[in-house]
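A look at the structure
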Amino acid sequence: MKSNKFIVLKESVQEIIDLIALKKFKEANNKLVEVSELLDELLDFSEEDDDLMQISRYQVLLNQLHQKINTVE
């Protein structure tokens, strides 16, 4: 897998964090769903251990962001 996928993922996660900071929770949740789908797609096609570990970290982060969005809404 190319590292540019992780760059896009990182930028998208930062966008979610920014939306939460701006209290735009619906938009943040919509972006989170979009990023989760991208992450699932990456997981389906990843075979290298390093990629799988990186994906796992993003899964944990997305779960935490999801909890944050749902507790403040």
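These remarks concern the structure in this document.

Criteria and thresholds
Residues numbered from 1 in each chain as written. Predicted model: local features only at pLDDT ≥ 70, side-chain atom pairs only at ≥ 80, totals over all residues. Heavy atoms only, no water. Salt bridge = Lys/Arg side-chain N within 4 Å of Asp/Glu carboxyl O. Helix = DSSP H or I, 4+ residues; strand = E, 2+ residues; numbered from the N terminus. Buried < 20%, exposed > 50% of the residue type's maximum accessible area, 1.4 Å probe, protein only. Axes fitted to C-alpha atoms, helices over the stretch in contact; angles between N-to-C directions. Parallel < 35°, antiparallel > 145°, perpendicular 65-115°, else oblique. Left-handed = near helix turned anticlockwise from the far one by under 90°. Contact = heavy atoms within 4.5 Å. Nonpolar A, V, L, I, M, F, W, Y, C, P; charged D, E, K, R; others polar.

Where side chains of opposite charge bring their charged atoms close, a pairing between them can arise. All chains considered together, the criterion is met by two salt bridges. Among the ionic pairs, K31 bridges to E15, the shortest N-O distance being 3.4 Å. Of this pair, K31 sits in helix α2 (residues 25-45) while E15 sits in helix α1 (residues 3-21), and the two are 16 residues apart along the sequence. E34 serves as the salt-bridge partner of K31, at 3.1 Å between the closest nitrogen and oxygen. Here the residue K31 and the residue E34 both occupy positions in helix α2, the gap between them amounting to three residues, near one helical turn. K31 gets classed as buried once you look at its relative accessible area, which sits at 13%. One salt-bridge network, in which partners are shared between bridges, spans E15, K31 and E34.

To continue, consider the environment of D40. Mapping D40 onto the fold places it in helix α2. Judged by its relative accessible area of 43%, D40 falls in the partly exposed class. Residues D40 and Q14 lie 26 residues apart in sequence; the distance between their C-alpha atoms is 18 Å.

Next up on the list: the packing of α2 against helix α3 (residues 49-72). At a closest axis distance of 10 Å, the pairing of α2 and α3 adopts a crossing angle of 160 degrees. One finds that α2 runs roughly antiparallel with respect to α3. For the pair α2 and α3, the crossing hand works out as left-handed. For the pair formed by α2 and α3, the contact residues are F25, A28, N29, L32, V35, S36, L39, L42 and L43 on the first element and L52, I55, Y58, Q59, L62, L65, H66, I69 and V72 on the second. Each residue belonging to the contact of α2 with α3 can be placed in one class, and the counts come to 14 nonpolar, four polar and no charged.

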